[in-house]
Amino acid sequence: MPDSAAPPVATTARAGHRRWATAVFVAGVLVLAFNLRAAITSLPPLFPELSSSMHLSSATLAALAATPVLCFGVFSGVAAPLSRRYGEERVLLASLAFLGVGLLGRAALPGWLLFPGTVLASAAIALMNVLLPSLIKRRQPAKAGLLIGIYLLSLAIGAVLGSLIAVPVFQASGGSVPLALGIWALPVAVAVLAWLPQWRFRTAPAGARPPGERRPLKVSRYLLAWQVMGFMGLQSLIYYATLSWLPTLLRDRGADAVHAGTLLAVMNLGNGITALLLPVLAHRTRDQRWLAAFTATFAAVGLIGAAFAPLGGAAAWVLLLGLGQGAGLGLAIYYTLARAPNPVVSASLSAFAQGAGYLVAAAGPLIVGFLHTTTGGWTVPVVVLLAVLAGELAAGWQAGRPITLPEASG
């Protein structure tokens, strides 16, 4: 009978709508994540070319390398207030628009807007860094580990392509700085279109609390939060220091520009592999300390090999370095979820870990650049980075214990 058949049909229609909405959300996450690193990783392979074309000093290049990481630290803290007011989906869409404007600005007038455009683009990325993992956990809690791994994989693919094609695009364009910088606005435009369907959603904002609920937890009062932040900051310091200066180190060792950019892409490929696997592995075990040891060891061995072993084997060493770095990023993101008892505390912990952590990480490109300029070589900077990896291991070991923060303050 028609009436008796209606409920199953309606149920099927609702199920189909939910599947379609989920597919659109996941596609939007993937395209958005692709744009979180490409605009950054495309710069270091071009540092020598930018230096000669735009007459930039070594100190200016070091400042340019540190600018995105510094912006991540400065602007991460405003993500939660903006999400409370406007909703995470809308803040993410606006962030994509600002990212595109920043990239187009620095491409159109690189002499004037190289730094302002990079600041605007990096500020937009900072907001997306904080909000996207939190949104994934609250929109798809049962699949959070898998989706975060996929999100990090897409991020790594963007990073790989950024470093891989930067020099070839520059050379194919006859040395055009605007084209080499502006090409990355194209995938941003695609991401804006892919994320537009999310505009109608307004997921419960991070940090919101119902009337009568206890005050939100101030995570900075707890040692565990500082350990998570320390791991986030130190693994990011290692990544952005090597991202910024590894191509120059390899070119100093005899690699040509394209080869150095390709090797940086191989490092970012390693990032993608373990960034996908680590959240899934971490989700299957209560104690993640052994994973922290794995990340630091791989990164240390890869760094030593890339800096000192024969250049003919550099691809294997930078891949190992990238595997350690990607594992560190995946584990750091997972810590902000696993060490929190609920999504609200997770959002606060993520904002604290990324805000303070990226301020720590911003020192990496500056310190390595300063030490290289001062000593005229790479031995001292590499030794300092190995010491940082020891600190990363210590922080990750403590943060990997199977404990969580309290739910709220009294």
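Above this text you will find the structure in question.
Now for a quick tour of the structure.

So, how was this worked out
- Residues numbered from 1 in each chain as written.
- Predicted model: local features only at pLDDT ≥ 70, side-chain atom pairs only at ≥ 80, totals over all residues.
- Heavy atoms only, no water.
- Helix = DSSP H or I, 4+ residues; strand = E, 2+ residues; numbered from the N terminus.
- Rg over C-alpha atoms; globule rule 2.2 N^0.38 Å.
- Buried < 20%, exposed > 50% of the residue type's maximum accessible area, 1.4 Å probe, protein only.
- Contact = heavy atoms within 4.5 Å.
- Areas by Shrake-Rupley, 256 points an atom, 1.4 Å probe, with all protein chains shown as cover.
- Lys, Arg positive; Asp, Glu negative; His and termini not counted.
- Charge placed at Lys NZ, Arg CZ, Asp CG, Glu CD.
- 1 Å grid on protein atoms, 1.4 Å probe; cavity = no way out; pocket = protein on both sides within 12 Å on 5 of 7 lines; lining within 4 Å.
- Points joined across faces, edges and corners; volume = space filled by probe spheres on them.
- Nonpolar A, V, L, I, M, F, W, Y, C, P; charged D, E, K, R; others polar.
- Axes fitted to C-alpha atoms, helices over the stretch in contact; angles between N-to-C directions.
- Parallel < 35°, antiparallel > 145°, perpendicular 65-115°, else oblique.
- Left-handed = near helix turned anticlockwise from the far one by under 90°.

**Concerning the overall build of the protein**
For step 1, the next point in the chain: In terms of regular secondary structure, the protein is built from 17 helices and zero strands.
For step 2, the next point in the chain: Scaling as 2.2 N^0.38, a compact globule of 410 residues should have a C-alpha radius of gyration of about 22 Å, and the protein matches this with 21 Å.
For step 3, the next point in the chain: For the protein, the spread of C-alpha atoms along the three principal axes comes to 80 × 45 × 35 Å.
For step 4, the next point in the chain: Buried residues in the protein amount to 56% of all 410 residues.
For step 5, the next point in the chain: Summarising the internal contacts of the protein: among those between residues at least 6 apart in sequence, 85% fall at separations of at least 24.
For step 6, the next point in the chain: Accessible surface for the protein amounts to roughly 16,300 Å². Of this, 71% is attributable to carbon and sulfur atoms.
For step 7, the next point in the chain: In the protein, 26 side chains carry a positive charge and 10 a negative one; their mean positions are 8 Å apart.

**Brief notes about the layout of surface pockets**
For step 1, the next point in the chain: Estimated volume of the largest pocket: approximately 240 Å³.
For step 2, the next point in the chain: What lines the largest pocket is a set of 14 residues, among which L82, A94, S95, F98 and L127 lie closest to the centre.
For step 3, the next point in the chain: Contributions of two or more residues to the lining of the largest pocket are made by α5 (79–86), α6 (88–108) and α7 (110–139).
For step 4, the next point in the chain: Among the elements that take part in the lining of the largest pocket, α6 stands out by supplying five residues, more than any other.
For step 5, the next point in the chain: For the lining of the largest pocket, the residue count by class is 12 nonpolar, one polar and one charged.

**Remarks on unusual backbone geometry**
For step 1, the next point in the chain: Backbone geometry places H55, a non-glycine residue, at a positive phi of 55°.
For step 2, the next point in the chain: Here H55 lies in the loop between α3 (47–54) and α4 (58–75).

**Re the packing of α7 against helix α15 (residues 343–361)**
For step 1, the next point in the chain: It is at 9 Å that the axes of α7 and α15 come closest, and there the two elements cross at 160°. With respect to each other, α7 and α15 are oriented roughly antiparallel. For the element pair α7 and α15, the recorded crossing hand is right-handed. For the pair α7 and α15, the contacting residues are N129, V130, S134, K137 and R138 in the first and P343, S346, A347, S350, A351, Q354 and Y358 in the second.
For step 2, the next point in the chain: Its residues assigned to classes, the contact of α7 with α15 comprises five nonpolar, five polar and two charged.

Coordinates in, geometry out; function isn't part of it.
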